[in-house]
Amino acid sequence: QVQLVESGGGLVQAGGSLKLSCAASGRTFSNYAMGWFRQAPGKEREFVADVSRNGITSYADPVRGRFSISRDNAKNTVYLQMNSLKPEDTAVYFCAAKSNPLSRYDYWGQGTQVTVSS
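Report on the accompanying structure. Nothing here was measured: the structure is a model prediction, and the numbers come from that model.

Things to note about the pairing of strand S3 (residues 18-25)
- By the alternation rule, side chains of S3 split into Leu18, Leu20, Cys22 and Ala24, which are all buried, and Lys19, Ser21, Ala23 and Ser25, of which none is buried.
- As paired strands, strand S1 (residues 3-7) and S3 are joined by five bridges and run antiparallel to one another. Directly across from glutamine 3, in S3, lies its bridge partner serine 25.
- As defined by bridge partners, S3 adjoins strand S8 (residues 77-82) across six bridges and the pair is classed as antiparallel. Paired with leucine 18 across the bridge in S8 is methionine 82.

The structure is reproduced here in structure tokens:
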């Protein structure tokens, strides 16, 4: 089992920045690919960004160039730096982990709310 706990959400004005953290425990963090997802009210959960075990990153088109995902294996933590935030970025943000890069995500955090005011 892997336990994931997100933090860093909050209320920010459009154009501002937030940095989310996701602390993992329970298994060897470096063995897991990590991802960030978000779900806005009334919408499906959507992919935001991910980082492989080897540090390779990918991003959804709406956030590319504004968000940056990183991981610190020594701290068992993955981060999501969010810059130039827009009201449409408002959502609950979840981190997730998977041991098999070709599989679906196995473990999910409880989420952290990000609200961007216009």
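Side note on the side chain of arginine 71
- Structurally, the position occupied by arginine 71 is in strand S7 (residues 67-72).
- For the buried arginine 71, no salt bridge exists, and the shortest N-O distance to an oppositely charged side chain is 8.4 Å, to aspartate 72.
- Here the side chain of arginine 71 touches serine 52 through a polar contact of 3.0 Å, landing on its backbone oxygen.
- Among the polar contacts made by the side chain of arginine 71, one reaches the side chain of asparagine 73 at a distance of 2.9 Å.
- Here arginine 71 is in contact with Phe29, Ser30, Tyr32, Ala33, Met34, Val51, Ser52, Arg53, Thr77 and Val78, once residues within four sequence places are set aside.

Reading guide: rules and limits
Residues numbered from 1 in each chain as written. Predicted model: local features only at pLDDT ≥ 70, side-chain atom pairs only at ≥ 80, totals over all residues. Heavy atoms only, no water. Buried < 20%, exposed > 50% of the residue type's maximum accessible area, 1.4 Å probe, protein only. Helix = DSSP H or I, 4+ residues; strand = E, 2+ residues; numbered from the N terminus. Pairing = 2+ DSSP bridges. Lys, Arg positive; Asp, Glu negative; His and termini not counted. Salt bridge = Lys/Arg side-chain N within 4 Å of Asp/Glu carboxyl O. Polar contact = N/O pair within 3.5 Å; in protein donor to acceptor, adjacent residues only side chain to side chain. Contact = heavy atoms within 4.5 Å.

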